[in-house]
Amino acid sequence: MNRYLILFFLGIFIVSCGPKKGVVTKKKKSKTERVVTVETPSQPSPKPTPRPETAPPTSTPINSTEAYINAFSDIAMIEMRNYKIPASITLAQGILESGAGRGRLAVEANNHFGIKCHGWTGEKIYHDDDAAQECFRKYDQALSSFEDHSKFLTGRSRYADLFTLKEDDYKGWARGLRKAGYATDRQYPEKLISLIERYRLYEYDDMVLGNKARTSSEVDGSGDNDSTIHTVKAGDTLYSLSKKYNTSVESIQQLNGLTSTSLSVGQILKIK
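Not measured: the values here are computed from a predicted model.

J.: Whenever I open this one, helix 2 (residues 65-83) confuses me. Can you help?
T.: Because the α-helix completes a turn every 3.6 residues, residues three or four places apart line up on one side. Phe72 marks where helix 2 bends most, by close to 50 degrees. For helix 2, the complete set of buried residues consists of Thr65, Tyr68, Ile69, Phe72, Ser73, Ile75, Ala76, Met77, Glu79 and Met80. Contacts from the buried residues of helix 2 go to helix 3 (87-98), helix 5 (142-154) and helix 8 (202-209). Two residues or fewer after helix 2 comes Lys84, characterised by a positive phi angle close to 65 degrees.

J.: Looking at this structure, how should I read the packing of helix 3 against helix 8?
T.: When two helices pack together, their arrangement is captured by the angle between the axes and the distance separating the axes. Contact pair helix 3 / helix 8: the axes reach a minimum separation of 7 Å and the direction vectors enclose 145 degrees. Here helix 3 runs over helix 8; the crossing is right-handed. Each of Ala87, Ser88 and Leu91 in helix 3 lies in contact with helix 8, whose residues at this interface are Tyr202, Tyr204 and Asp205.

J.: Quick question: what am I supposed to make of the pairing of strand 4 (residues 268-271) here?
T.: Each regular strand shows side chains that alternate between the opposite faces of the sheet. The alternating pattern of strand 4 places Ile268 and Lys270 and Leu269 and Ile271 on opposite faces, both of which are buried. One ladder, built from four bridges, connects strand 3 (residues 228-231) with strand 4; its direction is antiparallel. The residue of strand 4 that forms the bridge with His230 is Leu269.

J.: Can you help me understand the layout of surface pockets in this one?
T.: Using a probe with the size of a water molecule, rolled over the atoms, empty space left in the structure can be pinpointed. A volume near 690 Å³ is recorded for the largest pocket. Looking at the largest pocket, it is lined by 27 residues, and the ones nearest its centre are Glu97, Gly114, Lys116, Asp129 and Tyr182. Secondary-structure elements contributing two or more residues to the lining of the largest pocket are helix 3 and helix 4 (104-109). Classifying every residue of the lining of the largest pocket by side-chain character gives eleven nonpolar, nine polar and seven charged.

J.: Mind showing me how you'd approach the packing of aromatic side chains here?
T.: In this description, an aromatic ring pair is defined by two values, namely the gap between the centres and the angle between the planes. Enumeration according to the criterion identifies ten aromatic pairs in this entry. Here Phe152 and Tyr159 contribute two aromatic rings whose centre-to-centre distance is 6.1 Å and whose plane-to-plane angle is 45 degrees, an arrangement assigned as tilted. Here Phe152 matches Tyr159 in class, with each residue buried. Aromatic side chains Tyr170 and Tyr202 sit 6.2 Å apart centroid to centroid with 20 degrees between the ring planes, which places their arrangement in the stacked category. One end of the pair, Tyr170, is in helix 6 (residues 170-179); the other, Tyr202, is in helix 8, with 32 residues separating them in the sequence. Exposure remark for Tyr170: the relative accessible area of 3% places this residue in the buried category. Among the aromatic residues, those joined into a ring-pair cluster are Tyr68, Phe72, Phe113 and Phe146.

What counts and what doesn't
- Residues numbered from 1 in each chain as written.
- Predicted model: local features only at pLDDT ≥ 70, side-chain atom pairs only at ≥ 80, totals over all residues.
- Heavy atoms only, no water.
- Bend = angle between axes of the 7 residues up to and from the residue.
- Helix = DSSP H or I, 4+ residues; strand = E, 2+ residues; numbered from the N terminus.
- Buried < 20%, exposed > 50% of the residue type's maximum accessible area, 1.4 Å probe, protein only.
- Contact = heavy atoms within 4.5 Å.
- Axes fitted to C-alpha atoms, helices over the stretch in contact; angles between N-to-C directions.
- Left-handed = near helix turned anticlockwise from the far one by under 90°.
- Pairing = 2+ DSSP bridges.
- 1 Å grid on protein atoms, 1.4 Å probe; cavity = no way out; pocket = protein on both sides within 12 Å on 5 of 7 lines; lining within 4 Å.
- Points joined across faces, edges and corners; volume = space filled by probe spheres on them.
- Nonpolar A, V, L, I, M, F, W, Y, C, P; charged D, E, K, R; others polar.
- Phe/Tyr/Trp six-rings, centres within 6.5 Å; stacked < 30°, edge-to-face > 60°.

Rendered as structure tokens:
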């Protein structure tokens, strides 16, 4: 009898222990799942797309005036064929306005002619000019800047007289641009003419028009080739240059169309 009682109580003990063991196992499984969930690494957030004004430059600076001419002479000739603006003038203006492609507007905005935003609905860039942070046009490529320059000149009545000149009359064009108010710099025509003659940019006009190549004497009208180009440095005066090149102040003024004795650093002078 006692043996049956012992077996009965032993069975109850085994049954009661079973569920407890099952509960422990379930808790361990739940704990394991929570640990896995916590330790799963989160995915990194994507970097925001830069805004247009903080985007990297759209072109690379050109390291010399000659490289600038090589890069854009074909475009200048295309513009001459399409709009009747001398390629020499377009190139000289581009060199002067953009610092031969090294200025900020040219590098970051492909703007080679300093054209401001007036009536512009495209992208913009802000740059200190006559006033602080003025609005300038921003182009996707340099070609668009050259084309916009042509449209700028052909689309404004104040430049209409320029198109009555011969297409290879770069001197008339240079003086006419200043007269029409394109630039406020009184030396603007002389700077363009000096660049055109120094780098023989008139040759691109001749290529478009099918003219024969011009000699130096035909270009400057002097009948001789004994002239040189001088870039004004700090401390230069017309008197010091006349002594250096064994000429006269009056000769330098006449050759460069100067009406005063004032010079500016970087100004280009032709001297016999």
